[in-house]
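# Examining the three-dimensional arrangement
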Amino acid sequence: MTQNTVDTNLLLTILDLSGVWSFAVSGSLTAMQKRMDFFGVLIVAFATAFGGGTIRDILINRPVFWMHNEAYLYILFIATPVAIIFRNYLQYLRKTLFFFDTIGLGVYTVIGMQIGFTWGYSPMLAICLGTLTACFGGVLRDLLCSEIPLIFHREIYASICIVGGAGYVTMMYFGVSETVTVLVTLFAIIIARFIVVRYKLSLPMLHLKDNMPHA
Amino acid sequence: MTQNTVDTNLLLTILDLSGVWSFAVSGSLTAMQKRMDFFGVLIVAFATAFGGGTIRDILINRPVFWMHNEAYLYILFIATPVAIIFRNYLQYLRKTLFFFDTIGLGVYTVIGMQIGFTWGYSPMLAICLGTLTACFGGVLRDLLCSEIPLIFHREIYASICIVGGAGYVTMMYFGVSETVTVLVTLFAIIIARFIVVRYKLSLPMLHLKDNMPHA
Amino acid sequence: MTQNTVDTNLLLTILDLSGVWSFAVSGSLTAMQKRMDFFGVLIVAFATAFGGGTIRDILINRPVFWMHNEAYLYILFIATPVAIIFRNYLQYLRKTLFFFDTIGLGVYTVIGMQIGFTWGYSPMLAICLGTLTACFGGVLRDLLCSEIPLIFHREIYASICIVGGAGYVTMMYFGVSETVTVLVTLFAIIIARFIVVRYKLSLPMLHLKDNMPHA
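Quick caveat, the model's predicted, so the values are computed rather than measured. (Residues numbered from 1 in each chain as written. Chains lettered and ligands numbered in written order. Predicted model: local features only at pLDDT ≥ 70, side-chain atom pairs only at ≥ 80, totals over all residues. Heavy atoms only, no water.)

## A few points about unusual backbone geometry
Residues and elements named next belong to chain A. The residue Asn61 is not glycine, and still its phi comes out positive at about 65 degrees. Structurally, the position occupied by Asn61 is in the loop between helix H2 (38-60) and helix H3 (71-85). Classification of Asn61 by relative accessible area gives partly exposed; the value is 40%. (Helix = DSSP H or I, 4+ residues; strand = E, 2+ residues; numbered from the N terminus. Buried < 20%, exposed > 50% of the residue type's maximum accessible area, 1.4 Å probe, protein only.)

## Re helix H9 (residues 178-198) of chain C
Residues and elements named next belong to chain C. With 21 residues, H9 ought to run about 30 Å at 1.5 Å a step, and its terminal C-alpha atoms sit 30 Å apart, in line with that. Those residues of H9 that fall on the buried side of the exposure criterion are Thr179, Thr181, Val182, Thr185, Leu186, Ile189, Ile190, Arg193 and Val196. Following H9 by one or two positions, Lys200 adopts a phi angle in the positive range, close to 50 degrees. (Expected span 1.5 Å × (residues − 1).)

## Describing the pattern of salt bridges
In this structure the tally under the stated criterion is 6 salt bridges over all chains. Residue C:Arg56 pairs with C:Asp57 through a salt bridge whose shortest N-O separation is 2.9 Å. Neither residue differs from the other here; C:Arg56 and C:Asp57 are each classed as buried. Here the salt bridges do not stand alone but share partners, grouping A:Arg56, A:Asp57 and A:Arg62 into one network. (Salt bridge = Lys/Arg side-chain N within 4 Å of Asp/Glu carboxyl O.)

## With respect to the packing of aromatic side chains
Working definition: an aromatic ring pair is given by the centre-to-centre distance plus the angle between the planes. Residues and elements named next belong to chain B. Inspection of the entire model under this criterion finds 27 aromatic pairs over all chains. A centroid spacing of 5.0 Å and a plane angle of 75 degrees characterise the contact between Phe46 and Trp66, whose relative ring orientation is edge-to-face. Taken together, the residues span a long stretch of sequence, with Phe46 in helix H2 (residues 38-60) and Trp66 in the loop between H2 and helix H3 (71-85) at a distance of 20 residues. Among the residues examined, Phe46 registers a relative accessible area of 17% and is labelled buried. With 5.8 Å between their ring centres and 15 degrees between their planes, Phe117 and Tyr168 make a pair best called stacked. Of the two residues, Phe117 is situated in helix H5 (residues 94-118) and Tyr168 in helix H8 (residues 156-173); the sequence distance between them amounts to 51 residues. Residue class for Phe117 comes out partly exposed when judged on its relative accessible area of 22%. (Phe/Tyr/Trp six-rings, centres within 6.5 Å; stacked < 30°, edge-to-face > 60°.)

## Things to note about the nonpolar core
The biggest cluster of nonpolar side chains holds 160 residues, and the ones touching the most others in it are A:Phe50, A:Trp66, B:Phe50, B:Trp66, C:Phe50 and C:Trp66. Per-element tally for this core: the top contributor is H2(A), with 10 residues. Setting aside its immediate chain neighbours within four residues, A:Phe50 contacts A:Val20, A:Phe65, A:Trp66, A:Tyr72, A:Leu73 and A:Leu76. (Core = buried A, V, L, I, M, F, W, Y, C linked by side-chain atoms within 4.5 Å. Contact = heavy atoms within 4.5 Å.)

## What to know about the environment of B:Thr8
All names here are of chain B. Following the sequence through the fold, Thr8 ends up in helix H1 (residues 3-33). A relative accessible area of 1% means that Thr8 is categorised as buried. The spatial distance from the C-alpha of Thr8 to the C-alpha of Thr179 is 5.2 Å, given a sequence separation of 171 residues. Residues in contact with Thr8, not counting those within four places in the same chain, are Glu178, Thr179 and Val182.

## Points about the side chain of A:Thr131
Here A:Thr131 shows up in helix H6 (residues 123-144). Judged by relative accessible area, which is 9%, A:Thr131 ranks as buried.

## Concerning the confidence of the model for chain A
All names here are of chain A. Residue-level pLDDT values for chain A average 83, and 85% of them are 70 or greater. Within chain A, helix H7 (residues 150-153) has the poorest average pLDDT of any element, 53, and H3 the best, 93. In the predicted structure, residues 211-215 sits below a pLDDT of 50 and forms 18 contacts with residues beyond four places in sequence or in another chain. For this predicted complex, the interface confidence reaches an ipTM of 0.83, while the overall pTM sits at 0.87. (pLDDT = per-residue confidence, 0-100.)

## Let's talk about the packing of H2(A) against H6(A)
All names here are of chain A. Packing of H2 against H6 brings their axes to within 7 Å, and their N-to-C directions diverge by 140 degrees. The angle between H2 and H6 places the two elements in the oblique class. Along this stretch, H2 crosses H6, giving a crossing that reads as right-handed. Residues Val44, Ala47, Thr48, Gly51, Gly52, Gly53, Ile55, Arg56, Leu59 and Ile60 of H2 lie in contact with H6, whose contacting residues are Leu129, Leu132, Thr133, Phe136, Gly137, Leu140, Arg141 and Leu144. Residue composition of the contact of H2 with H6, grouped by class: 10 nonpolar, 6 polar and 2 charged. (Axes fitted to C-alpha atoms, helices over the stretch in contact; angles between N-to-C directions. Parallel < 35°, antiparallel > 145°, perpendicular 65-115°, else oblique. Left-handed = near helix turned anticlockwise from the far one by under 90°. Nonpolar A, V, L, I, M, F, W, Y, C, P; charged D, E, K, R; others polar.)

Okay, structure coming up:
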């Protein structure tokens, strides 16, 4: 293991734990908007923070991450009550939250891809794994809270993961070091999402001429 | 294997099969309220009875229980038609049903935890597994029937599993035998749910001062 | 490996890829009815085409099919843009689409059962696996698009898989060769669905005398 790998691993671990924190806060706030009780909020936070990585690990058939490192659960059990206690301050911090949610999105994309490559999957599958890791927790959160999954209101959410993943692959192809690739992809995803939301950008919506009842 | 373990295993097997029966009936009734046909009812009963244990087994990476012991499927294939045939009697037996559903809740919590410990997981993870086993089938049932998951209308549902699980861990910590721990936890969960529903108890709902559109 | 098995494998491979194509088109059209963007459509197509087989492979604990053969992803990445480009022609081809969707249903049932038997499962479990493979992708598609799962509007969908699966088992019991069994089951499912839809057949809906609030 080179020094570079050690640095990258440390970097990924720090980012990973901050991703769990961010998504736990995002899940808690959504659940509180639905006026759930403490345990309801905890379960939605759990699904949001762990859903994507769980699917990723099951697909790869590696041990599920939060079942083998209790640090993840501890972070969830700290982040959720903190989000509950400070709930009325957090809503005035909408931008802070958006910032954390966006960090989570970038981090989970990068971690999903990095694990995909570590397990020997192709670039295309690594992008699939990164996107699933980043987006599935939010889909679960919305299903549990009976919302139309946000990913499809604002599909740009998933689009940024996919395009960011393609950038990751391109940098690796040109021999950029892992640490640099991870950091550049991460910041590109975060900055892209800020720009997209700030300027209300969106991809063209596809639609059919008439609504066709699906046969 | 001690006599005690044999007894506990026999006890757990009996409870397990009665849990499948109860949840199959619960799923069948929900599906019939949605006016499904025979196979639709069967599929919802299947998802309700097997959903929680399937997630548990996939997370642990042990063989999925109903794929390796056909007794579970036979019980499903008996319980569902029986529920269909007696559907108009069952609704006058609302309390009987509630009784069975509650038994299922208690049994699945205890079995999920017991399997968690058998596979060497920590108390915290065992409680997670117990809660997932008890609650996930009901979430699936409600998603398939397009209801807001009941677990979040009446979150006390999951809360009782989590608190019951904490009691299980406490008894084990103080060296109480497995059979006693299982039985006490089971009856505590059942009695707690009866009291909660009878006296319409609930935990305080958490909410935000204003609805904050999720950034 | 006999000549017969080679033929059957080739047959199943061809059918399998055509099943992915059909379900990718079905998912794309549903997503475009919801006015999603390109990546949203791609994700719904992905879930529809791969959902059923993924659950099947996870339950069996065999490698997930699309993670180990990129041909499936290539077909998805060709079928989805083609469906998008020709979307306004496809809706005039409603019968063509229904034809493809029905082929997918038959193919996935047969492939799910065939894999179940290959892995040594009983006829009853093979039918469960076939039905899950054929129907789960559509359930996912509808959850992601926030529809009441179509399987339960028109439950005959799953019923045909289950009855077709029973026919498969019966033919195998009487020693019919695998190729013939696969082809007969496939065409029986396809023809049955055409007849059912053409003559608006349905199984009787089960309902309760009064709506009983679920205790």
